[in-house]
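Examination of the molecular architecture
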2 protein chains.
Amino acid sequence: MTVIFSKKCEYGMQAILYLAAREKGTLVSADEISKVLKIPREFVSKILQSLRDSGLISSSKGKSGGFSLAKPASRIKLIDVVAAIDGLEMFDSCVLGFQECSPTHPCPVHNTWGPLRTQTYDMLTSETIDKLKEKTLHKISSL
Amino acid sequence: MTVIFSKKCEYGMQAILYLAAREKGTLVSADEISKVLKIPREFVSKILQSLRDSGLISSSKGKSGGFSLAKPASRIKLIDVVAAIDGLEMFDSCVLGFQECSPTHPCPVHNTWGPLRTQTYDMLTSETIDKLKEKTLHKISSL
DNA sequence: ATCAAATCAGATATTTTTATCTGATTAAAG
DNA sequence: CTTTAATCAGATAAAAATATCTGATTTGAT
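Presented here is an overview of the structure given in this document. Numbers given to residues run from 1 along each chain, matching the order in which its sequence is written. Labels follow written order: the first chain is A, the first ligand is 1, and so on. In view of the model being predicted, local features appear only for residues whose pLDDT reaches at least 70, and side-chain atom pairs are presented and counted only at 80 or more, with totals across whole chains, interfaces and linings using the full set of residues. For the side-chain quantities, the full set of heavy atoms in the structure was used; hydrogens and water were omitted.

Before going further, it helps to examine empty space enclosed by the protein. With a 1 Å grid laid over protein atoms only, a set of points is called a cavity when a 1.4 Å probe fits there but cannot get out and a pocket when it is open yet has protein on both sides within 12 Å along at least five of seven lines; lining residues have an atom within 4 Å of a point. Grid points are joined across faces, edges and corners, and a volume is the space filled by probe spheres set on the points. Summed over all chains, the structure comprises 6 cavities of 30 Å³ or more. Lining the largest cavity are 14 residues, and of these I4(A), W113(A), T120(A), I4(B) and T120(B) lie nearest its centre. Secondary structure elements with two or more residues in the lining of the largest cavity: α5 (110-126) of chain A together with α5 (110-126) of chain B. Looking at side-chain class alone, the lining of the largest cavity contains 10 nonpolar, 2 polar and 2 charged residues. Each helix is a run of DSSP H or I of at least 4 residues and each strand a run of E of at least 2, with the numbering of both proceeding from the N terminus. All amino acids are sorted into three groups, where Ala, Val, Leu, Ile, Met, Phe, Trp, Tyr, Cys and Pro are nonpolar, Asp, Glu, Lys and Arg are charged, and the leftover types, Gly among them, are polar.

Listed below in structure tokens is the structure:
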């Protein structure tokens, strides 16, 4: 049973949205993120580390350390998080799992699937973390 | 890294499409399906068994036994295979992984994601195995 | 200086998915 | 009636995804 993105990726998107929503110059600890978003602490910690490695967020160690966005929220898109965690393979591999699936050797749903995939990609590319800030605040307040 | 459907589901869709394309009253063995579609024999065998349990295909044992569609290809849709194998949870769970995600407590991408998901669902619902028969034949001939 | 609170890296554990093995059963054909 | 080619059920194995543990390091505050 699949749900588009891996748990890691879902958590990563939640976390980075939370960072953007929560941000007022202060650093946010993995512990806080874990508690608010109900993600296992050590797991979200690893995910945050990988997002840092990808350059989307930055971290500082020691007491009162934590995480923050590495660049303006307006310059971070959902697709960046997907690319960093799940990769973009899903956007150019065959939905029916055929090895080669191209315009010259299309799978049976190649043409109907294509536009849907493109729309999905475009959506993830146009949604910046910044644009989603208000909605994230609302969502968080209901957790 | 996710690709929408599980391997099982991809293989299941390929196999049922193959059955429809291949069908001229004859039964098709798991071995043939495995070879043509390059799916591990015992694995596709299990998948075929589960599709039989779901009532989409039927099987007969013994020499010259094999599998065939359990009903007219025009009455089998891709969504039936997805429902049988991966389940339909992906069509009503939150794409960002939030526990509750509803119009009253929407996740940040609830409204942009909704239409895309609906379109995807509709596509899988309108594509019958029968309609995809010709395209499947073309695809098979290139394997 | 010591303590406390945090990240960090690497190892380990658990669960799920993917794949294979074993042997039983069935049924057509020689 | 024996052989052969197939499904079938259940167990097992291997790989990947998810989650946890351990202890080291960093850094601000007491």
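Neighbouring residues of DNA strand C: 27 residues in total, closest A30(A), S59(A), P40(B), F43(B) and G62(B). Any residue with a non-hydrogen atom lying within 4 Å of a molecule or strand is treated as near it. Expressed as a percentage, the sugar and phosphate content of the atoms of DNA strand C within 4 Å of the protein is 60%. What qualifies as a polar contact is a pair of N or O atoms within 3.5 Å, subject to a donor-acceptor requirement within protein and to the restriction that residues adjacent in sequence count only when both atoms come from side chains. Within the side chain of R41(A), one N or O atom sits 3.4 Å away from a phosphate oxygen of DNA strand C. Note that a phosphate oxygen of DNA strand C is positioned 3.2 Å from one of the backbone N or O atoms of K7(B). Considering each element in turn, the surface near DNA strand C owes the most residues, 4 residues, to helix α3 (residues 41-53) of chain A. Tallied by class, the residues present in the surface near DNA strand C amount to 6 nonpolar, 10 polar and 11 charged.

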